[in-house]
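Structural overview for review
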Amino acid sequence: MIERIIFLLEGYFSQRDYQRFGIETLRENGFHVEVWDMTPVLYNRYSRSYSIPDYHGLSIFDDRRQAYGRLSDLTNSDFVVNFVSYYFDNLWVYSALSKSSARYAVFCANALPVAEEFRFLRKKEVLKDLFSMKSTTLLLKRAYMRAPFQFLGIKPVSFVFAGGNKCMQYHYPISKDTEVLWIHTLDYDIYLKEKNRNCTERDIAVFIDEFMPFHHEYAMFKLDPPIEAERYFTILDRFFESVEKRTGYEVVIAECPEADYEDAPDYFRGRKRFKGQTGSLVHESKLVLGHYSTALNFVNLFQKPIIFMSCSDFRKKAVEYHIQEMAKWFGKSPIFIDEVQDINWGLELKVSKEHYDDYRNSYIKTEHSQDLPFWQIVANRLKKGF
């Protein structure tokens, strides 16, 4: 019988995570809930200042030996929701879990479409690395991870928490006995609460901010931002002005949850910024502006028109391929907002039901999954036993 649920993280735990992980829901269902933040031990060269939630069930690990021991000692009354990626440098986490008696799940519910051009770009980067000074080490690591996980002493995943029917795109130790629990994206929980709210559309166009080019993942994964900040916000402002002039809608900013603009210059030139209100803003809007964030799920769920924004600085970079692929799923093509062009406003303000339905089934929620909060579905399954 499962008594304790442990969230195992490779990204800093935040107050937003406390809400998204349904900790109160799981506790109300009788589970003791803990969060084990592994970020310092997994990414020991990366650190950032952030506000640590005041949650008594939070443990932050910066010592690998201690983390390995705690994971190895888990019992069959423990259940781990494992957000740690399955690759060579993290294999010790899976090894420790395999020594324990605990079952564990992996999370595939928030997947995004991946363009073939991006896959090709990644292969080129891998080949480039293989011919560098690190080639021997990389070859050995990749060869090692190609071995069947059973040969590595890794026990298989017990559950995959899944969203749409194309979400299973990550590499994990999955066997024929692994159970796929079809749920939905985490954003769908917000939609369930928001959809019945008495809402009147306002003359606003909502920009889904991605904290580009400052997002912490650039530093975390040693990536260069795709564009310089001053240029990015200058061309954004120019495009926002043209949208406001053409549509009469006020452009407002739905801040990225990771964003911190408080001590920064006024990058959005006085426009209203809102944090933690993306779902409700999209619900009230008449138009959405964005790149490729998972928050575009709200565009789909509330059936809003969207303009996908790209620029010349993104060309031949991963961000361009992500934007192109996401736009395709919504029946659109990206607008290069730094270039003079005629915008077909009739097309941009249109919603393709066929494309939206296809995207929703593929990446948000299957037709037959339950309309219940994400973690209530998880709780219901765990209470059934194994």
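To be clear, the structure that these remarks concern was listed above.
Here's a quick rundown of the structure. (Residues numbered from 1 in each chain as written. Predicted model: local features only at pLDDT ≥ 70, side-chain atom pairs only at ≥ 80, totals over all residues. Heavy atoms only, no water.)

**Description of the pattern of salt bridges**
As enumerated under the stated definition, the model contains 26 salt bridges in all. Three or more residues joined by partner-sharing salt bridges are found here, namely Glu-194, Arg-197, Arg-202 and Glu-284. (Salt bridge = Lys/Arg side-chain N within 4 Å of Asp/Glu carboxyl O.)

**Overview of the pairing of strand S11 (residues 287-290)**
Every second residue of S11 is oriented toward a common face, with Leu-287 and Leu-289 on one face and Val-288 and Gly-290 on the other, all of them buried. By the bridge criterion, three bridges tie strand S8 (residues 204-208) to S11 in an arrangement that is parallel. Its bridge partner being in S11, Val-206 is matched across the sheet by Val-288. Note that S11 and strand S12 (residues 306-310) share three bridges and pair parallel. Looking at S12, one finds that Leu-289 is bridged to Ile-307. (Buried < 20%, exposed > 50% of the residue type's maximum accessible area, 1.4 Å probe, protein only. Helix = DSSP H or I, 4+ residues; strand = E, 2+ residues; numbered from the N terminus. Pairing = 2+ DSSP bridges.)

**Side note on the environment of Pro-148**
As for its placement among the helices and strands, Pro-148 is situated in the loop between helix H7 (135-146) and strand S6 (159-162). Between the alpha carbons of Pro-148 and Leu-71 there is a distance of 22 Å; along the sequence they are 77 residues apart.

**So, the packing of aromatic side chains**
Applying the stated criterion to the full structure yields 36 aromatic pairs. Taking 6.5 Å as the distance between ring centres and 25° as the angle between the ring planes, the aromatic pair formed by Phe-13 and Phe-21 counts as stacked. The two residues Phe-13 and Phe-21 agree in class, both being buried. Centre to centre, the rings of Trp-36 and Phe-61 are 5.4 Å apart; their planes meet at 55°, and the pair counts as tilted. One end of the pair, Trp-36, is in strand S2 (residues 32-37); the other, Phe-61, is in the loop between strand S3 (58-60) and helix H4 (64-72), and 25 residues separate them in sequence. Among the aromatic residues, ring-to-ring pairing joins Phe-7, Phe-13, Phe-21, Phe-79, Phe-83, Phe-107, Phe-159, Phe-161, Phe-374, Trp-375 and Phe-386 into one connected group. The ring of Phe-386 carries Arg-103 above its face, with NZ or CZ at 4.1 Å from the centroid. Seen from the ring of Phe-336, Arg-315 lies directly overhead, with NZ or CZ sitting 4.2 Å from the centre. (Phe/Tyr/Trp six-rings, centres within 6.5 Å; stacked < 30°, edge-to-face > 60°. Lys NZ or Arg CZ within 6 Å of the ring centre and 35° of its normal.)

**Side note on helix H13 (residues 318-329)**
End to end, H13 covers 17 Å across twelve residues, agreeing with the expected 16 Å (1.5 Å per residue, within 8%). Of all the twelve residues making up H13, nine are buried; the element is thus mostly covered by neighbouring parts of the structure. For H13, the set of buried residues is Val-319, Glu-320, Tyr-321, His-322, Ile-323, Glu-325, Met-326, Ala-327 and Trp-329. Looking one or two residues past H13, Gly-331 carries a phi angle of roughly 75°, positive in sign. (Expected span 1.5 Å × (residues − 1).)

**Here's the deal with a nonpolar patch on the surface**
Together, Met-168, Ile-174 and Trp-182 make up an exposed nonpolar region whose accessible area comes to about 250 Å². As for its placement among the helices and strands, Met-168 is situated in the loop between S6 and strand S7 (179-182). Under the relative-accessibility criterion, Met-168 is labelled partly exposed at 37%. (Patch = residues over 30% accessible without salt bridge, like charges linked within 9 Å, V, L, I, M, F, W, Y side chains within 5 Å. Areas by Shrake-Rupley, 256 points an atom, 1.4 Å probe, with all protein chains shown as cover.)

**As for the sheet that holds strand S1 (residues 4-9)**
Within the open sheet, the seven strands sit side by side as S3-S2-S1-S4-S5-S6-S7. Their pairing is parallel. Two strands close off the open sheet at either side, each with one partner strand: S3 and S7. Neighbour-to-neighbour, the strand axes of the sheet open up by a mean angle of 25°, direction not taken into account. Bridge count between S6 and S7: four bridges; the pairing is parallel. Paired with Ala-162 across the bridge in S7 is Trp-182. (Axes fitted to C-alpha atoms, helices over the stretch in contact; angles between N-to-C directions.)

**Re the sheet that holds strand S9 (residues 250-254)**
Taking strand neighbours across the sheet as the criterion, the six strands line up as S10-S9-S8-S11-S12-S13 in an open arrangement whose pairing is parallel. What marks the edges here is a single partner per strand, and that holds for strand S10 (273-274) and strand S13 (335-336).

**A word on helix H15 (residues 353-364)**
By the burial criterion, the buried members of H15 are Tyr-356, Tyr-359, Ser-362, Tyr-363 and Ile-364. Projected down its long axis, H15 carries its buried residues within an arc of 145°, all on one side. Turned more than 90 degrees away from the buried face of H15, the exposed residues are Lys-353 and Glu-354. Those residues of H15 hidden inside the fold are in contact with helix H8 (187-194), helix H12 (297-301), S12 and H13. (Arc of directions from axis to C-beta. Contact = heavy atoms within 4.5 Å.)

**Quick notes on the side chain of Glu-325**
The topology assignment puts Glu-325 in helix H13. Look past the residues within four positions of Glu-325 in its chain and what remains in contact with it is Pro-113, Val-114 and Ala-115.

**Quick look at the nonpolar core**
Phe-240 and Leu-289 are the most contacted members of the largest nonpolar core, which has 94 residues in total. If you tally residues by element for this core, the top one is helix H10 (residues 229-247), at eight residues. Non-local contacts of Leu-289, meaning those with residues more than four positions away in its chain, are made with Val-206, Phe-207, Ile-208, Phe-239, Phe-240, Val-243, Val-251, Ile-307 and Met-309. Counting 31 residues, the second-largest nonpolar core is a separate cluster that includes Leu-26, Val-33, Phe-83 and Trp-375. (Core = buried A, V, L, I, M, F, W, Y, C linked by side-chain atoms within 4.5 Å.)

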